[in-house]
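# Fold and geometry: a report
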Amino acid sequence: MEISQRKKIAILFITALLIRVIFIFTLKNMFYFDDEFEYYKVVQNFLTGNGFFVNEGLKGFRPPLYPFILTILYSLKFNLLGIRLIQCVVSSLTVLLIYLTGKNLFSERVGLWSAIISAIYPFFIFYNGFLLTEICFIFLTVLAVYTIIGSEDKPLLWLKSGISLGLAGLCRPTMQLYLPVVLIHTAFLRATAKEKIKKMFFIVLFFSITVSPWVIRNYVVFGKFIPGTTMGGRVFWEGNNPYSDGGPCRYFPEEIEQLPEIQRDKAYYKKTIDTIKENPSRFLWLAQNKFKRFWNIIPNASEFTSPLYRVISVFSFGIMMPFFLLGFLITLKNKKAQYIHSLFIIFTISHVILLGSIRYRVPLEPFYIILAVYGFFWLKAEMLGIIKK
């Protein structure tokens, strides 16, 4: 008997939620990562009336959306477990968005199997237990892509596209780079010039409205136009300094760290560019190593290199790699799929230049799974066709 779409969605959501809830109950009531402590500092400072920042020297260092959400939850008396449970719900909703995105891009079958894999995918389960941007950012990235690819002739979705893209950019500024790419894709749609201009206008308008509170706040605080954060220079240096291997590297010169925030950001950019000019061959070596770190099948961090973590990574992310590459190549001419091809290119280039880590790749993995599933079914159909001949 054919299961209705509503039942499929319910089963997917409940299954994903149960798996995630079971995982978070295995964790201790504590923070595990440095970033969690910084986000919590922002929450504490805001709730005690000191301002929306990590400290006096880091007023625009962290993107605002995730700590703002945490502030709301803590003000409503949610504790760490409660916030983890909320993230489990958001992550389970992301599974449903993956189903709808895969269905919109390719077919019902691709969407369904992509969602099934996403429901049990270890990396999507893991981040529910920590106060990090991943769960929120993955949800917003998939939502942005889903609304964009479905908005060709639907004005309401133009509005949703701009808002979701803006929110994703406030969660992680990397996503702000996606806006001009979306506009380029829109310019080449099969539509009248008037329709394309209207779509681009409304996406830009609602993107701008969404990010404007943060831009205005930063102008008031710093007197500068800062749509993202003041973290960029430091991250650029971290991934390219003389002691870096392209991953996290805690070498930060004291003379730069003592500078005011805006000057510090500029100084790190300048020092990094000077370092690259002095040894361009090392920069190229770092670039290829960051590429390897970003796309590594097994975890890079020493604390996650045990046989268990390696096996989990290989038999989840790794086993899909050949099918993803196939899916990517055979969909290059697909106009809708080109929206997600562009995401892979933007994120890869950004992190080859800045800092390479598997963690920064995770927001791409919903689309990685979708393309892998499509590649698998395409190959299966081709093989069956050969056998029947």
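Analysis parameters
Residues numbered from 1 in each chain as written. Predicted model: local features only at pLDDT ≥ 70, side-chain atom pairs only at ≥ 80, totals over all residues. Heavy atoms only, no water. Axes fitted to C-alpha atoms, helices over the stretch in contact; angles between N-to-C directions. Helix = DSSP H or I, 4+ residues; strand = E, 2+ residues; numbered from the N terminus. Left-handed = near helix turned anticlockwise from the far one by under 90°. Nonpolar A, V, L, I, M, F, W, Y, C, P; charged D, E, K, R; others polar. Parallel < 35°, antiparallel > 145°, perpendicular 65-115°, else oblique. Contact = heavy atoms within 4.5 Å. Patch = residues over 30% accessible without salt bridge, like charges linked within 9 Å, V, L, I, M, F, W, Y side chains within 5 Å. Areas by Shrake-Rupley, 256 points an atom, 1.4 Å probe, with all protein chains shown as cover. Salt bridge = Lys/Arg side-chain N within 4 Å of Asp/Glu carboxyl O. Buried < 20%, exposed > 50% of the residue type's maximum accessible area, 1.4 Å probe, protein only. Expected span 1.5 Å × (residues − 1). Polar contact = N/O pair within 3.5 Å; in protein donor to acceptor, adjacent residues only side chain to side chain. Core = buried A, V, L, I, M, F, W, Y, C linked by side-chain atoms within 4.5 Å. Phe/Tyr/Trp six-rings, centres within 6.5 Å; stacked < 30°, edge-to-face > 60°. Lys NZ or Arg CZ within 6 Å of the ring centre and 35° of its normal.

With that out of the way, let us pick up the packing of helix α1 (residues 5-24) against helix α4 (residues 80-105). Where α1 contacts α4, the two axes come as close as 9 Å, and the packing angle between them is 145°. For the pair α1 and α4, the crossing hand works out as right-handed. Residues belonging to the contact of α1 with α4 are distributed by class as follows: 16 nonpolar, three polar and four charged.

For the rest of this paragraph, the subject is the packing of helix α3 (residues 65-75) against α4. Interhelical geometry of α3 versus α4 gives an angle of 125° and a closest axis separation of 10 Å. Here α4 runs oblique to α3, going by the angle between their axes. In the crossing of α3 with α4, the sense of the turn from one axis to the other is right-handed. For the pair α3 and α4, contact is made by Tyr66, Leu70, Leu73 and Tyr74 and by Ile83, Ile86 and Gln87, respectively. Across the contact of α3 with α4, the residue classes break down as six nonpolar, one polar and no charged.

The next subject is a nonpolar patch on the surface. On the surface, Phe68, Ile69, Ile72, Leu76, Phe78 and Ile86 cluster together into a nonpolar patch covering about 480 Å² of accessible area. Tallying contributions element by element places α3 first for the nonpolar patch, with three residues. Within the element layout of this structure, Ile69 appears in helix α3. The exposure class of Ile69 is partly exposed, given its relative accessible area of 30%.

With that settled, the discussion passes to helix α16 (residues 337-353). In this model α16 runs 25 Å from its N-terminal to its C-terminal C-alpha over 17 residues, within 8% of the 24 Å that 1.5 Å per residue would give. Along α16, 14 of the 17 residues are buried, which leaves the element largely enclosed by surrounding structure.

Further remarks concern the environment of Ser244. Looking at where Ser244 falls in the secondary structure, it is placed in the loop between α11 (232-238) and α12 (254-257). Between the C-alpha atoms of Ser244 and Leu286, which are 42 residues apart in sequence, the distance is 8.0 Å. Apart from the residues lying within four places of it in its own chain, the contact partners of Ser244 are Glu238, Gly239, Cys249, Arg282 and Leu286. A distance of 2.9 Å separates a polar atom in the side chain of Ser244 from the backbone nitrogen of Gly246.

On to the nonpolar core, then. Among the nonpolar cores identified, the biggest contains 89 residues, and Met175, Tyr178, Trp295, Phe324, Phe344 and Tyr368 are the most heavily contacted of them. With sequence-adjacent residues up to four places away left out, Phe344 is seen in contact with Trp295, Phe324, Phe328, Leu364, Phe367, Tyr368 and Leu371. Formed by eight residues, the second largest nonpolar core is a distinct cluster that contains Ala16, Val95, Leu96 and Ala115.

Turning our eyes to something else, we now look at the packing of aromatic side chains. Counted under the stated rule, the structure contains 36 aromatic pairs. Arranged with centres 5.1 Å apart and planes meeting at 85°, the rings of Phe126 and Tyr127 form a pair that is edge-to-face. Neither residue differs from the other here; Phe126 and Tyr127 are each classed as buried. Each ring, one from Phe317 and one from Tyr368, has its centre 4.4 Å from the other, and the planes form 15°; the classification is stacked. Pair noted here: Phe317 is in helix α15 (residues 307-330) and Tyr368 is in helix α18 (residues 365-388), with a separation of 51 residues, a long-range link. Every member of this aromatic cluster is reached through a ring pair, and the members are Phe23, Tyr32, Phe33, Phe126, Tyr127, Phe130, Phe304 and Tyr309. The ring of Tyr39 carries the charged tip of Arg62 above its face, separated from the ring centre by 5.2 Å. Its end group placed over the ring of Phe317, Arg361 keeps NZ or CZ at 3.6 Å from the ring centre.

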